[in-house]
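# Chains, contacts and geometry: an overview
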Amino acid sequence: MPRFAANLSMMFQDLAFLYRFDAAARAGFKGVEFLFPYDHPPEAVAAALERNRLAMTLFNTVPGDWAGGERGLAALPGREAEFRDGVDKAIVYAKATGCPLLHTMAGLWPDGSDKEAGERVYLDNLRWAADRVAEAGLTAVIEPINTRDIPGYFLNTTGEAMRIIERVGRPNLKLQLDLYHVQIMEGDLATRVRALAGHYPHVQIAGNPGRHEPDVGEINYPYLFDLLDELAYPGWIGCEYRPKGDTVAGLGWAKRYGVG
């Protein structure tokens, strides 16, 4: 049976962030994820989780100037110190909330620029980050993101991600498998889910096109959920989608799994 985590950065948008934990629990979710917790003290986030008996499954390290358009720092030359400070800050939140996974966002890369310079920085930063989070008993993940939603993002396909993971050579650096992004960039989802089994400790979903509920669009998610069960996938499935309307009203797809 799949375990679903509500993405509190996208779902329950009618509520202030710390109240979204309550709404997720009322809807039947047992876990949550979100982009960033840094606008709130770690103790406040931990209290919202504990109050609702929710598992904290995943969040991102500090991304740079998000409001200004930045989407991560890990592959950006000259930003190494800022990236590493952001990892240390994320570790504080992960310890407070019991979160096992931290996503280290790569960042945007200028069109036409040589990516080799970025890859050297990326590899060095990921080795450092993996070693750093290992000291806290955590796992770092990297996520390929499609070029339509985030044009210029440094990492775009599972093949690129697995090559980077192999070159980094740390057992606690893994793949964050967002099936929405993979569908846009690569397709052939079932084959990739099977071939990459064991390399991804976290899966995310959304319908395509539109990034709405997973029962909207071209992806046959019930088939993929059954496949993940067949593969004995032990992790969470993050619902990183934008509800078309009211979040709870759109959870009809999840009722068979005990949510909604």
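The structure we're discussing is the one just above.
Residues numbered from 1 in each chain as written. Predicted model: local features only at pLDDT ≥ 70, side-chain atom pairs only at ≥ 80, totals over all residues. Heavy atoms only, no water.

## Brief notes about the overall build of the protein chain
Put simply, the rule reads: Every helix listed is a DSSP run of H or I at least four residues long, and every strand listed is a run of E at least two residues long, numbered separately from the N terminus. For the radius of gyration, the atoms used are the C-alpha atoms, and the globule rule reads 2.2 Å times the number of residues raised to 0.38. Classification of residues uses two cut-offs on accessible area relative to the type maximum, computed with a 1.4 Å probe and protein chains only: under 20% is buried, over 50% is exposed, and between them is partly exposed. When checking whether two residues touch, look at their non-hydrogen atoms; a contact exists if any pair is within 4.5 Å. Note on areas: Shrake-Rupley with a 1.4 Å probe; residue coverage comes only from the protein chains shown. Only four residue types enter the charge count: Lys and Arg as positive, Asp and Glu as negative, with His and the chain ends excluded. Charged side chains are reduced to one point each, which is NZ for Lys, CZ for Arg, CG for Asp and CD for Glu.
Along its length, the protein chain carries 8 helices and 8 strands. The globule rule puts the C-alpha radius of gyration for 260 residues at 18 Å, and the 17 Å found for the protein chain is close to it. With the C-alpha coordinates of the protein chain rotated into their principal frame, the extents come out at 45 × 40 × 35 Å. The proportion of buried residues among the 260 residues of the protein chain is 54%. Nonlocal contacts in the protein chain, meaning residues at least 24 apart in sequence, comprise 76% of its contacts between residues at least 6 apart. Carbon together with sulfur atoms contributes 50% to the accessible area of the protein chain, which is approximately 11,100 Å² in total. The protein chain carries 27 positive and 34 negative side-chain charges, and their two centres are separated by 3 Å.

## Observations concerning the pairing of strand β1 (residues 4-7)
Stated formally: When DSSP finds at least two bridges between two strands, those strands are taken to pair. Convention used here: a crossover is right-handed provided that the path from the first strand, over the helix, to the second strand proceeds clockwise when the strands point away from the viewer.
Along β1, one buried face is formed by Phe-4 and Ala-6 and the opposite face, lined by Ala-5 and Asn-7, is buried too. Pairing between β1 and strand β8 (residues 236-239): 3 bridges, direction parallel. The residue bridging Ala-6 from the neighbouring strand is Cys-239, located in β8. Bridge count for β1 against strand β2 (residues 31-33) is 3 bridges, and the pairing is parallel. Opposite Asn-7, over in β2, you have Glu-33 as the bridge partner. Crossover handedness for the path β1 to helix α1 (residues 17-26) to β2: right-handed.

## Some details on the pairing of β8
Side chains Trp-236 and Gly-238 project from β8 onto one buried face, and the interleaved Ile-237 and Cys-239 project onto a second face that is buried too. As judged from the 4 bridges shared by strand β7 (residues 202-205) and β8, these two strands associate in the parallel manner. Bridging from a neighbouring strand, Gln-204 pairs with Gly-238 of β8.

## Some thoughts on helix α8 (residues 221-230)
How we decide: It is the directions from the helix axis to the C-beta atoms that the arc portrays.
Among all positions of α8, only Tyr-221, Leu-224, Phe-225, Leu-227 and Leu-228 are buried. All buried residues of α8 project into a common sector of 160 degrees when viewed along the axis, lining one side. In α8, the exposed residues that point more than 90 degrees away from the buried face are Asp-226 and Glu-230. For α8, the elements touching its buried residues are β1, α6 (179-185), α7 (189-195), β7 and β8. With its phi angle positive at about 60 degrees, Ala-232 sits one or two positions after the end of α8.

## As for unusual backbone geometry
Put simply, Asn-208 and Pro-209 share a cis peptide bond, and its omega is 5 degrees. The phi dihedral of Arg-53 is positive, around 55 degrees, even though this residue is not glycine. Secondary-structure assignment places Arg-53 in the loop between α2 (42-52) and β3 (55-60). Residues other than glycine seldom take positive phi values, yet Arg-211 does so here, at roughly 55 degrees. Tracing the chain through its elements places Arg-211 in the loop between β7 and α8. Judged by relative accessible area, Arg-211 falls into the buried class, the value being 6%.

## Description of the environment of Met-162
Within the secondary structure layout, Met-162 lies in helix α5 (residues 158-168). The exposure class assigned to Met-162 is buried, which follows from its relative accessible area of 18%. Apart from the residues within four sequence positions on either side, Met-162 is in contact with Leu-175, Leu-196 and His-199.

## Focus: the packing of helix α4 (residues 115-135) against α5
To keep things clear, this is the line we draw: The axes are straight lines fitted to the C-alpha atoms, using for helices just the contacting stretch, and the angles between their N-to-C directions are given from 0 to 180°. Each angle gets one of four labels, with under 35 degrees taken as roughly parallel, over 145 as roughly antiparallel, 65 to 115 as roughly perpendicular, and the rest as oblique. Each crossing is labelled by how the near helix is turned from the far one, with a counterclockwise turn of less than a right angle marking it left-handed and a clockwise turn marking it right-handed. Under the convention adopted here, Pro, Cys and the residues Ala, Val, Leu, Ile, Met, Phe, Trp and Tyr are nonpolar, Asp, Glu, Lys and Arg are charged, and Gly plus all remaining residues are polar.
Running from amino to carboxyl end, α4 crosses α5 at an angle of 60 degrees, the nearest separation of the two axes being 9 Å. One way to sum up the angle between α4 and α5 is to call them oblique. In this structure, α4 meets α5 at a crossing whose hand is right-handed. Contact residues: Glu-119, Tyr-122, Leu-123, Leu-126 and Arg-127 in α4; Arg-163, Ile-164, Arg-167 and Val-168 in α5. Taken together, the residues of the contact of α4 with α5 sort by class into 5 nonpolar, no polar and 4 charged.

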